[in-house]
Amino acid sequence: MRWDGQAIDASRDDMLPGLESNTGFVRSVTTPEFTGVTFHEVLAKSALNRVNAIDGGTWGMTINPYRGCSHACVYCFARPTHTWLEFDGGADFDQQIVVKTNVADVLRRELAKPTWDRHPVALGTNTDPYQRAEGKYRLMPDVIAALADSGTPFSILTKGTLLRRDIPALVAASERVSVDLAMSIAVYDDELQQSVEPGTPTTAARLATVRAVRDAGLTCSVFLMPVLPYITDTVAHLDDAIGRAAAAGATSVMYSALHLKPGVKPWYLEWLARTHPDLVPRYRAMYLDNTFAPKDYRRWLAERIRPILRAHGVGVGQVDPATGSMGFSQGAGPLGNDPVGDGLTADPAAGPGSDRAAGISPLKRADRTWDERQQRDRRDLRTRSLVPAGASRPASGTGISNGGPTLF
């Protein structure tokens, strides 16, 4: 495997955890409490990943203690990254988890370099640092300590309730550096949540984690991402979602419609065919030639969500365009400053068409194909119009009815 060459030192695959290691091999571990999951333990050569900006500078820095994710979200945009390891982006992504067991030690060495500029670091931009494996390996406490000790601000985006274990460490870190936390909660129907995100904690458990973070005096945004067209975009679901996030104390809410990269589409559409076969033609019309939902749909979604946000007194979370930090601790941004309807607020000082103007966070920028897809999306070559079924095309061109979008 390609990552064999990245291992400095690892154990034979027939040795139990904790036994003497042997150079040149990756240890593969299975344990009864993680049925069907294999952990591939590696010693990483680097911990910090530099996300480059279009102008050649640094947009952001990320850390990924794990590759692959047992949360098994069928829509996960990170699935194609597993193919680089010669795994597939489906079952392997869910069950073959690469663990960088020495990530904190390597991170401390990198942060101690004279050239380190204390650029904000984001965790959770690719795979979840608080997935179930973290309960076994406990990598995050040392990562948090390393960042705080070096004076490096950081943000964490997670679906994992294991975050609660580290709240005392995060509170201590926040006294020294900026700490931005966010909980990803996309689905507020229990049956649907277990179907589309079978390895994640329940919605109620994640909301309780938001409350625990807020009670500890820290900020916590909620990522209502992705909104699934025709499934979770009803007024009832969105109102329930935003209302429950507000009741849990969410500092702000960030939202966006589902986007399906080429390596994700087959897995998501397979799930859709099993659970919502009637929606397959609509999704193919929306996403067959596009990664993102059509702009008209995204505008319609924004128009639907904004009154709900206002009704619950919740603002749209901000992204810090100057540093690339997710910047949740800066509070809720104005609801009117979301030109594309993505739920990511823009920087008024940034130039039109720039990444900063679009309010793109490291969550998006960590995707190496973003630039190409942004350009394609801007050209709008094949964006389909949306109109209510049986109705004439509106003069405004938005094609949205109060009952929801219908593609034809």
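Scroll up a little and you will see the structure.
Residue indices follow the written sequence of each chain, beginning from 1 at its first position. pLDDT decides what is reported in this predicted model: residues at 70 or higher carry local features, side-chain atom pairs at 80 or more are listed and counted, and totals for whole chains, interfaces and linings draw on all residues regardless. Hydrogens and water molecules were not included; the side-chain quantities draw on all heavy atoms of the structure.

A.B. asks: What's the story with the overall build of the chain in this structure? I'm lost.
C.D. replies: From N to C terminus, the chain includes 14 helices and 13 strands. Counting only residues that meet the buried cut, the chain has 57% of its 408 residues in that class. Throughout, a residue-residue contact means that at least one pair of heavy atoms, one from each residue, lies within 4.5 Å. In the chain, the share of contacts with a sequence separation of at least 24, taken over all contacts with a separation of at least 6, comes to 72%. Residue exposure ignores everything except the shown protein chains as possible cover, and the areas themselves are Shrake-Rupley values with a 1.4 Å probe. Counting only carbon and sulfur atoms, one obtains 51% of the accessible surface of the chain, whose full area is about 16700 Å². Per the convention used, a helix needs a DSSP run of H or I reaching at least four residues, while a strand needs a run of E reaching at least two, with both numbered from the N terminus. Each residue gets one of three labels from its accessible area relative to the maximum for its type: buried under 20%, exposed over 50%, partly exposed in between, using a 1.4 Å probe on protein chains only.

A.B. asks: Is there a simple way to explain the sheet that holds strand 6 (residues 96–100) in this structure?
C.D. replies: Paired through backbone hydrogen bonds, the strands of a sheet run either parallel or antiparallel to each other. Here, any two strands with at least 2 DSSP bridges between them count as paired. Sheet architecture is open: four strands sit in the order 1-2-6-5, paired in mixed fashion. Single-partner strands in this sheet number two, and they are strand 1 (27–29) and strand 5 (66–67). Here strand 2 (residues 38–42) pairs with strand 6 via five bridges, running parallel. The residue of strand 6 that forms the bridge with Glu41 is Val99.

A.B. asks: Which parts of the structure should I look at to understand the pattern of salt bridges?
C.D. replies: Where charged atoms of side chains with opposite charge meet at close range, the side chains can pair. Salt-bridge detection follows one rule: a side-chain nitrogen of Lys or Arg within 4 Å of a carboxyl oxygen of Asp or Glu. Tallied over the entire structure, the rule returns 10 salt bridges. The shortest N-O distance in the salt bridge between Arg108 and Asp149 comes to 3.1 Å. Taken together, the residues Arg108 in helix 2 (residues 103–111) and Asp149 in helix 4 (residues 140–149) connect sequence positions 41 residues apart. A relative accessible area of 38% means that Arg108 is categorised as partly exposed. As a salt-bridge pair, Arg299 and Asp296 come within 3.7 Å of each other at their nearest N and O atoms. Note that Arg299 and Asp296 are positioned in helix 11 (residues 295–312) at a spacing of three residues, about one turn of the helix. The class of Asp296 is buried, set by a relative accessible area of 13%.

A.B. asks: When you look at the side chain of Lys100 in this model, what are you seeing that I'm missing?
C.D. replies: Tracing the chain through its elements places Lys100 in strand 6. Buried and unpaired, Lys100 has Glu110 as its nearest opposite-charge partner, separated by 9.5 Å. Excluding its chain neighbours within four sequence positions, the residues that come into contact with Lys100 are Val42, Ala44, Asn64, Pro65, Arg67 and Leu139. Under the counting rule used here, the positive set is Lys and Arg, the negative set is Asp and Glu, and His together with the chain ends is not counted.

A.B. asks: Is there a simple way to explain the pairing of strand 9 (residues 179–184) in this structure?
C.D. replies: For a regular strand, side-chain orientation follows a simple rule: the groups alternate between the two sheet faces. The buried count for strand 9 comes to six of six residues, which makes it a mostly enclosed element. Burial of strand 9 is two-sided: the residues Val179, Leu181 and Met183 facing one way and the residues Asp180, Ala182 and Ser184 facing the other way are all buried. At this point the chain moves from strand 8 (residues 154–158), through helix 5 (residues 167–174), to the parallel strand 9, and the crossover so formed is right-handed. Here strand 9 runs beside strand 10 (residues 221–227); their pairing, made up of three bridges, is parallel. By the bridge assignment for strand 10, Ser184 is matched with Phe223. By convention, orient the strands away from the viewer: a clockwise path from the first strand over the helix to the second makes the crossover right-handed.

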